[in-house]
Amino acid sequence: MEKIIKLNGINKVYRTNEIETQALENVNLEVGKGEFVSIMGPSGCGKSTLLNIIGLLDAPSSGKIEINGDEIGTHMSDRALARFRNQTLGFVFQSFHLIPSLNVMDNVQLPLVYRGVSHRESVERARIVLERVGLSHRMRHIPSQLSGGQCQRVAIARAIIGNPEIILTDEPTGNLDSKMGAEVMDILHELNRNDGRTIVMVTHNEEQARQTDRIVRFFDGRQVC
Amino acid sequence: MVMTLLRQMWNRRRQNGWIFLELIAVGIFLWVVLDPLCVQIANKNIDRGYEQDGLYLLNMDKYGKRSARYSREYDTDSIGLENYHDIIRVICNLPEVGSFVVNESSTFANSGSFYGGNLYGDSALTKDVDIQCYWFYPVGGSDMLKTYRFRDANTGEIMGLSPDFRSKNIVYVSESVARRLYGRTDVAGEKCWLGNRNCNEIGGVFRDFKDRDYNQPYPMMVAKMGSTIRGSKTMHWRYSIVFRVKDGVDADGFEHRFNEEVKPALVRGNYYCTGISRLGEYARNMAEMTGDLNVVRKNTIFAMFGLCCVFLGMVGTFWVQVNARRQEIGVMRSLGASKYRIMAQFIMEALILVTVTSVIAIAVMGYYVHAEGFFAKGGMQSGEMPDMQYWQNNPLPHFMIISLVMYLSLLVISIIGTCIPVGRAIRELPADALREE
Ligand SMILES: Nc1ncnc2c1ncn2[C@@H]1O[C@H](COP(=O)(O)OP(=O)(O)O)[C@@H](O)[C@H]1O
Ligand SMILES: [Mg+2]
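K.L.:
Please provide a residue-by-residue account of the overall build of chain B, values included.
P.N.:
Along chain B, the regular secondary structure elements total 13 helices and eleven strands. Computed over C-alpha atoms, the radius of gyration of chain B comes to 31 Å, more than 25% over the 22 Å expected from 2.2 N^0.38 for 437 residues, which places it beyond the range of a compact globule. Based on the C-alpha atoms only, the size of chain B along its principal axes is roughly 100 × 55 × 40 Å. Residue pairs in contact within chain B that sit at least 24 positions apart in sequence constitute 80% of those at least 6 positions apart. Carbon and sulfur atoms provide 57% of the accessible area of chain B, an area that totals close to 20500 Å². Positive and negative side-chain charges in chain B, numbering 48 and 45 respectively, have mean positions lying 4 Å apart.

K.L.:
I'd like a rundown of the site of ligand 1, residues and numbers included.
P.N.:
Looking at ligand 1, the residues that line it are Tyr 14, Thr 21, Ala 23, Ser 43, Gly 44, Cys 45, Gly 46, Lys 47, Ser 48 and Thr 49 of chain A together with Arg 435 of chain B. Chains contributing residues to the immediate surroundings of ligand 1 are chains A and B. At a separation of 2.5 Å, an oxygen atom of ligand 1 approaches a polar side-chain atom of Thr 49 of chain A. Contact between ligand 1 and Arg 435 of chain B: a nitrogen atom at 2.9 Å from a side-chain N or O atom of the residue. Look at ligand 1: alone it shows 560 Å² of surface, and the protein chains cover 69% of it. Elements with a minimum of two residues in the shell around ligand 1: β2 (20–32) and α1 (47–54) of chain A. Here the element with the most residues in the shell around ligand 1 is α1 of chain A; it accounts for three residues. Split into classes, the residues belonging to the shell around ligand 1 amount to three nonpolar, six polar and two charged.

K.L.:
Can you tell me about the sheet that holds strand β4 (residues 62–67) of chain A, naming the residues and giving the values?
P.N.:
Residues and elements named next belong to chain A. Here four strands make up an open sheet; going across it, the order is β2-β1-β4-β5 and the pairing antiparallel. At either end of the open sheet lies a strand with only one pairing partner, and these are β2 and β5 (70–72). Each strand of the sheet is rotated relative to its neighbour by a mean of 25 degrees, with strand direction disregarded. Packing against the sheet, α1 makes contact with β1 (3–15), β2 and β4, and its axis sits at approximately 125 degrees to β1.

K.L.:
Just give me the short version of the environment of Ile 166 of chain A, but keep the residues and values in it.
P.N.:
Residues and elements named next belong to chain A. Inspection of the secondary structure assignment puts Ile 166 in strand β7 (residues 166–170). We classify Ile 166 as buried; its relative accessible area is 0%. Remark: the alpha-carbon pair of Ile 166 and Leu 98, spanning 68 residues in sequence, is separated by 19 Å. If sequence neighbours within four positions are ignored, Ile 166 has contacts with Ile 4, Ile 5, Ile 67, Thr 88, Leu 89, Gly 90 and Thr 198.

K.L.:
An account of the pattern of salt bridges is needed here, citing residue identities and associated values.
P.N.:
For the structure shown, the criterion picks out 40 salt bridges over all chains. Of the charged contacts, one joins Asp 58 of chain A and Lys 12 of chain A as a salt bridge, the two residues approaching to 3.2 Å between their closest N and O atoms. Placement of Asp 58 of chain A in the loop between α1 and β4 and of Lys 12 of chain A in strand β1 is noted, with a sequence separation of 46 residues between them. In this pair, the class of Asp 58 of chain A matches that of Lys 12 of chain A, namely buried. For the salt bridge of Glu 328 of chain B with Arg 325 of chain B, the shortest nitrogen-to-oxygen distance reads 3.3 Å. What emerges from the salt-bridge pattern is a single network uniting Arg 132, Glu 190, Asp 195 and Arg 197 of chain A.

K.L.:
Describe in detail the pairing of strand β9 (residues 239–245) of chain B, supporting the description with residues and values.
P.N.:
Residue and element names in this part refer to chain B. Across the seven residues that make up β9, a large majority, seven, are buried. One ladder, built from three bridges, connects strand β1 (residues 55–62) with β9; its direction is antiparallel. Residue Tyr 56 lies in a different strand from β9, and its bridge partner there is Phe 243. As paired elements, strand β2 (residues 97–104) and β9 share seven bridges and run antiparallel to each other. In the strand pairing of β9, Val 102 is matched with Ile 241.

K.L.:
Quick rundown of helix α5 (residues 175–182) of chain B? Include the residues and the values.
P.N.:
Residue and element names in this part refer to chain B. With respect to burial, α5 is a largely interior element, six of its eight residues being buried. Turning to α5, its buried residues are Glu 175, Ser 176, Val 177, Ala 178, Leu 181 and Tyr 182. Against the buried residues of α5 lie β3 (116–120), β4 (129–137), β5 (170–174), β6 (191–194), β7 (198–206) and β8 (220–224). Downstream of α5 by a residue or two, Gly 183 has a phi angle that is positive, lying close to 80 degrees.

K.L.:
Pulling in residues and values, what's your account of the packing of aromatic side chains?
P.N.:
Residues and elements named next belong to chain B. Counted by the stated rule, this structure contains 24 aromatic pairs over all chains. For the pair Tyr 84 and Tyr 271, a centre-to-centre distance of 5.2 Å together with 90 degrees between the ring planes defines the contact as edge-to-face. Of this pair, Tyr 84 sits in helix α3 (residues 77–93) while Tyr 271 sits in strand β11 (residues 271–278), and the two are 187 residues apart along the sequence. We classify Tyr 84 as buried; its relative accessible area is 0%. Through pairs of rings, three or more aromatic residues link up here, namely Tyr 50, Tyr 134, Tyr 148, Phe 150, Phe 206 and Phe 209. Here the guanidinium or amino end of Arg 13 rests over the ring plane of Trp 10, the centre of that ring lying 4.4 Å away.

K.L.:
Can you lay out the interface of chain A and chain B for me, pointing to particular residues and giving the numbers?
P.N.:
One frequently used descriptor of interface size is the decrease in accessible area upon assembly of the parts. Taken together, the contacts link 26 residues of chain A with 25 residues of chain B. Between chain A and chain B, a total of about 2300 Å² is buried, with carbon and sulfur atoms accounting for 58% of that surface. Looking only at chain A, the three residues that lose the most surface to chain B are His 97, Ser 101 and Tyr 114 of chain A, adding up to 27% of its buried area. Where chain A packs against chain B, one counts two salt bridges. Between Asp 106 of chain A and Arg 7 of chain B there is a salt bridge, and its shortest N-O distance comes to 2.9 Å.

K.L.:
Can you break down the domain arrangement of chain B residue by residue, with the values?
P.N.:
All names here are of chain B. Domain annotation for chain B reports domain 1 (2–47 + 290–434) and domain 2 (55–289). Of note, the centres of domain 1 and domain 2, computed from C-alpha atoms alone, are 48 Å apart. Between domain 1 and domain 2, the contact holds 26 residues from the first and 18 residues from the second. For the domain 1 and domain 2 pair, buried surface summed over both sides reaches about 1900 Å², with 42% attributable to carbon and sulfur atoms. Where domain 1 meets domain 2, there are one salt bridge. In this structure, Glu 288 engages Arg 297 in a salt bridge whose closest nitrogen and oxygen atoms are separated by 2.9 Å.

Analysis parameters
- Residues numbered from 1 in each chain as written.
- Chains lettered and ligands numbered in written order.
- Predicted model: local features only at pLDDT ≥ 70, side-chain atom pairs only at ≥ 80, totals over all residues.
- Heavy atoms only, no water.
- Helix = DSSP H or I, 4+ residues; strand = E, 2+ residues; numbered from the N terminus.
- Rg over C-alpha atoms; globule rule 2.2 N^0.38 Å.
- Contact = heavy atoms within 4.5 Å.
- Areas by Shrake-Rupley, 256 points an atom, 1.4 Å probe, with all protein chains shown as cover.
- Lys, Arg positive; Asp, Glu negative; His and termini not counted.
- Charge placed at Lys NZ, Arg CZ, Asp CG, Glu CD.
- Near = heavy atom within 4 Å.
- Polar contact = N/O pair within 3.5 Å; in protein donor to acceptor, adjacent residues only side chain to side chain.
- Nonpolar A, V, L, I, M, F, W, Y, C, P; charged D, E, K, R; others polar.
- Pairing = 2+ DSSP bridges.
- Axes fitted to C-alpha atoms, helices over the stretch in contact; angles between N-to-C directions.
- Buried < 20%, exposed > 50% of the residue type's maximum accessible area, 1.4 Å probe, protein only.
- Salt bridge = Lys/Arg side-chain N within 4 Å of Asp/Glu carboxyl O.
- Phe/Tyr/Trp six-rings, centres within 6.5 Å; stacked < 30°, edge-to-face > 60°.
- Lys NZ or Arg CZ within 6 Å of the ring centre and 35° of its normal.
- Buried area = accessible area lost by both parts, 1.4 Å probe.
- Domains from an automatic or database assignment.

Here's what the structure looks like:
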């Protein structure tokens with residue numbers, strides 16, 4: 001299978017005044033195109049750190065990241081990094097991270113606004129993705145007027161509106177009850193199966209993980225299998 | 001994009017409420033403070049109509065009857081007159097002195113006095129003009145126009161007295177007088193009447209002249225007084241001797257030499273010289289005494305205070321907002337907004353805030369100014385018609401310019417006040433910004 005993400009010897013050390021934490025130690029990970037990978041491990045083992053590094057939100061202390069065959073990293077300009085996040089990556093966070101002062105429609109359109117897509121087109125595409133996550137009747141609501149499950153569906157709509165190849169999601173069901181969680185998982189599976197999106201998901205839920213193509217387990221910053 | 005931003009700001013109205021009110025309040029405050037300040041500065045920047053540098057006033061005094069140096073024998077009008085002619089001769093013979101004039105008491109620029117009159121044209125159709133008069137005594141070799149460097153309104157050349165000014169009743173008027181009496185400025189040779197008594201011939205028209213640095217030019221006339229100086233017991237305040245040093249003379253060197261060598265010897269009879277003052281010094285003292293300088297100082301400080309409040313308010317508001325919106329900035333970056341884009345959005349927010357609040361503040365001021373008569377008397381003396389060539393005398397341009405200055409200064413300060421906290425926030429790695437506190 002063609003590899004879309006390649007991590008080579010990634011290390012991440014957090015230094016604070018007193019202590020030094022090795023959050024990731026020599027991580028080598030490859031993810032194939034169209035694969036749905038879950039990352040598991042106890043709390044504090046470095047899962048979020050890894051996801052942030054893949055998503056170019058954080059910089060590794062050392063190591064190489066390749067996405068789609070291009071080496072990605074801090075040598076790139078802020079503008080190039082921004083373009084990369086905008087076009088290739090979609091994020092879904094545990095705590096949704098919707099912008100509270102924007103309504104659903106405006107939140108979902110953001111990636112296209114940053115891409116410079118015309119207003120008409122971005123409204124059109126926002127309608128389509130909101131329909132897809134079953135929220136076309138909530139477009140004018142602001143996040144505080146929505147339930148957790150609805151918020152997460154908005155977040156998914158926002159992550160996919162720009163047609164990114166990779167979706168990175170950190171415990172997407174962590175803040176949801178099991179019924180809402182199942183709904184969100186259904187949408188992710190559907191995106192993987194029907195649209196061929198590559199998904200990397202951090203989860204604590206064994207059952208959810210078993211439904212994915214592959215489970216990567218971490219312990220204390222090291223990949224254990 | 002702007003619509004989205006407006007919606008977002010509306011949704012954040014509770015957080016933006018305080019800065020919104022502060023901006024309106026400071027906007028009104030700034031308008032009120034900037035108005036007189038801008039008018040003062042504009043008046044100050046109007047050309048004086050003469051060259052102040054190089055002009056000096058001779059300070060004279062007379063020994064009092066109780067002074068040890070007083071001489072009763074010399075205290076007669078005829079000896080006093082001789083003494084004064086002597087003193088004038090000494091001054092005009094100084095190698096540094098280029099030209100001089102003997103003015104009637106306190107009719108020189110910045111003297112602090114006002115010698116008024118009414119000038120009538122030769123036609124019954126035009127109204128007379130309130131004028132200020134500078135009177136000079138036709139002492140041999142003196143020339144007021146040349147000493148002050150009055151400029152000809154038509155040619156721009158430095159003027160001098162006409163050769164026949166002794167034999168005729170010749171007066172010189174400023175261009176605003178000429179315009180009002182004749183509707184044009186090339187009026188040399190025309191007749192005019194001073195206080196409806198004497199018929200005078202206009203010898204030339206000079207550019208508008210500012211008696212005081214912070215006042216607008218007043219319609220003015222320069223004319224000779226009598227045929228020569230006359231003896232009296234109070235010649236030291238009756239006659240003001242103003243002179244100009246030659247171009248290229250070093251002012252400090254000249255003043256030093258004058259005080260060391262000339263002044264001690266300049267004693268004639270009971271009259272003695274107490275020194276010289278630069279006319280610029282006089283102008284400054286005058287601005288100090290009339291409070292013009294204080295308006296500038298006070299309003300500059302007020303304006304800076306207002307701007308400081310806005311600056312701190314904006315930094316404070318955006319500091320708090322940006323800290324509260326750290327995650328939002330992280331989210332924006334995770335969705336592909338560049339640092340530049342985020343900065344631009346915050347600046348845009350500041351711009352919208354300042355624009356909306358300025359419009360409100362300007363509307364309030366517009367209403368107030370309209371209710372007050374929509375007119376500013378900026379720097380004119382009483383009874384005078386405003387000269388419409390100056391923006392500060394035109395209601396609409398005046399209002400627009402002050403409003404624009406207010407808006408722009410608020411805008412600049414607000415944008416600086418926004419960039420500082422936002423700039424700090426966007427330096428963070430997105431992962432750190434996104435982390436829960
Ligand atoms: N900004 C940070 N500064 C210092 N230590 C950090 C920071 N972020 C994470 N860590 C540490 O790095 C380790 C991995 O964290 P994280 O990736 O968040 O774990 P997980 O998501 O697997 O629970 C933890 O020990 C955590 O305390
Ligand atoms: Mg985590």
